[in-house]
Amino acid sequence: MTDNELLDLAAEAMKNAYAPYSKFCVGAALLCKDGTVFTGCNIENASYGAANCAERTAIFKAVSEGHRDFSAIAIVSSGGGETYPCGICRQVMAEFASNLRVILRNPEGESVSYNFKDMMPYIFSL
């Protein structure tokens, strides 16, 4: 699967976002090493702490279905630019996929990718 195909799946997932408070919709597409893809969107809540990000939605869906080997995650947002994962999402990524490639779409519509370890070099782990 190409980076752009994964970004397109993330954009499709973003259409399901529930963001009545921030109006900032996010979609993610997680590529498993076996080629399976899990998508997720952000889901807000009036009690802000109960909200869930798109990245965690995709990862939790995958893990709940028995998948734990991931190679890449694509993230897009209604903001139109590169949308980086928040700290909580980065910690979840560190738990399950510290070798993950993070793919974003820049404002020009081009894909850019980062090695997760460069985004969070000092992960918390046991």
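Structure shown above.
In this convention, every chain numbers its residues from 1, walking through the sequence in written order. Owing to the predicted nature of the model, reporting of local features is limited to residues with pLDDT of at least 70; listing and counting of side-chain atom pairs is limited to 80 or more, with chain, interface and lining totals taken over all residues. Values shown for side chains rest on all heavy atoms present in the structure; no hydrogens or waters enter the calculation.

Participant: Can you help me understand the pattern of salt bridges in this one?
Facilitator: Oppositely charged side chains can form a pair if their charged atoms are brought close together. The salt bridge criterion pairs a side-chain nitrogen of Lys or Arg with a carboxyl oxygen of Asp or Glu, the two atoms within 4 Å. Per the stated rule, a full pass over the model turns up 3 salt bridges. For the salt bridge of Arg101 with Asp3, the shortest nitrogen-to-oxygen distance reads 2.8 Å. Linking Arg101 in strand β4 (residues 101-105) with Asp3 in helix α1 (residues 3-14), this pair joins segments that are 98 residues apart in sequence. Overall, Asp3 belongs to the partly exposed group, its relative accessible area being 21%. Here a strand is any run of E in DSSP of at least two residues, a helix any run of H or I of at least four, and the numbering for each starts at the N terminus. Only protein chains enter the accessibility calculation, which uses a 1.4 Å probe; a residue is then buried when its area is under 20% of its type maximum, exposed when over 50%, and partly exposed in between.

Participant: Sorry, what's going on with the packing of aromatic side chains here?
Facilitator: Here a ring pair, both rings aromatic, is described through the centre-centre distance and the interplanar angle of the planes. For this analysis, a ring pair means two rings from Phe, Tyr or Trp (six-membered ring only for Trp) whose centres lie within 6.5 Å, classed as stacked if their planes differ by under 30 degrees, edge-to-face if by over 60, and tilted for the remaining angles. Evaluation of the coordinates by the stated rule reveals 2 aromatic pairs. On the numbers, 5.6 Å between centres and 55° between planes, the contact of Tyr84 with Tyr114 is tilted. With Tyr84 in the loop between β3 (70-77) and α3 (87-96) and Tyr114 in strand β5 (residues 111-115), this pair connects stretches of sequence that are 30 residues apart. Looking at Tyr114, the relative accessible area reads 27%, which means it is partly exposed.

Participant: Help me understand the sheet that holds strand β2 (residues 37-41), please; the structure alone is not making it clear to me.
Facilitator: In a beta sheet, neighbouring strands pair by backbone hydrogen bonds and run either parallel or antiparallel. Taken together, the 5 strands give an open sheet; going across it, the order is β2-β1-β3-β4-β5, and neighbouring strands pair in mixed fashion. The open sheet terminates on both sides in strands that have one partner only, identified here as β2 and β5. Going from strand to strand, the sheet's axes swing by 20° on average, the running direction of each strand aside. Packed on one face of the sheet, helix α2 (residues 54-64) meets β1 (26-32), β2 and β3 and runs near 140° to β2. The rule for pairing is simple: two strands pair if DSSP sees at least two bridges between them. Structural elements are reduced to axes, namely lines fitted to C-alpha atoms, with helices fitted over the stretch in contact, and the angle between N-to-C directions of any two is expressed from 0 to 180 degrees. Any two residues whose heavy atoms approach within 4.5 Å at even a single point are treated as in contact.

Participant: Honestly, the pairing of β2 in this entry has me stumped. Any pointers?
Facilitator: The side chains of a regular strand alternate, residue by residue, between the two faces of the sheet. For β1 and β2, the ladder comprises 5 bridges, and the chain directions are antiparallel. Residue pairing for β2: Ala28 is matched across the bridge by Gly40. Connecting β1 to the antiparallel partner β2 that follows it, the hairpin turn spans 4 residues, and Gly35 within it adopts a positive phi of roughly 95°.

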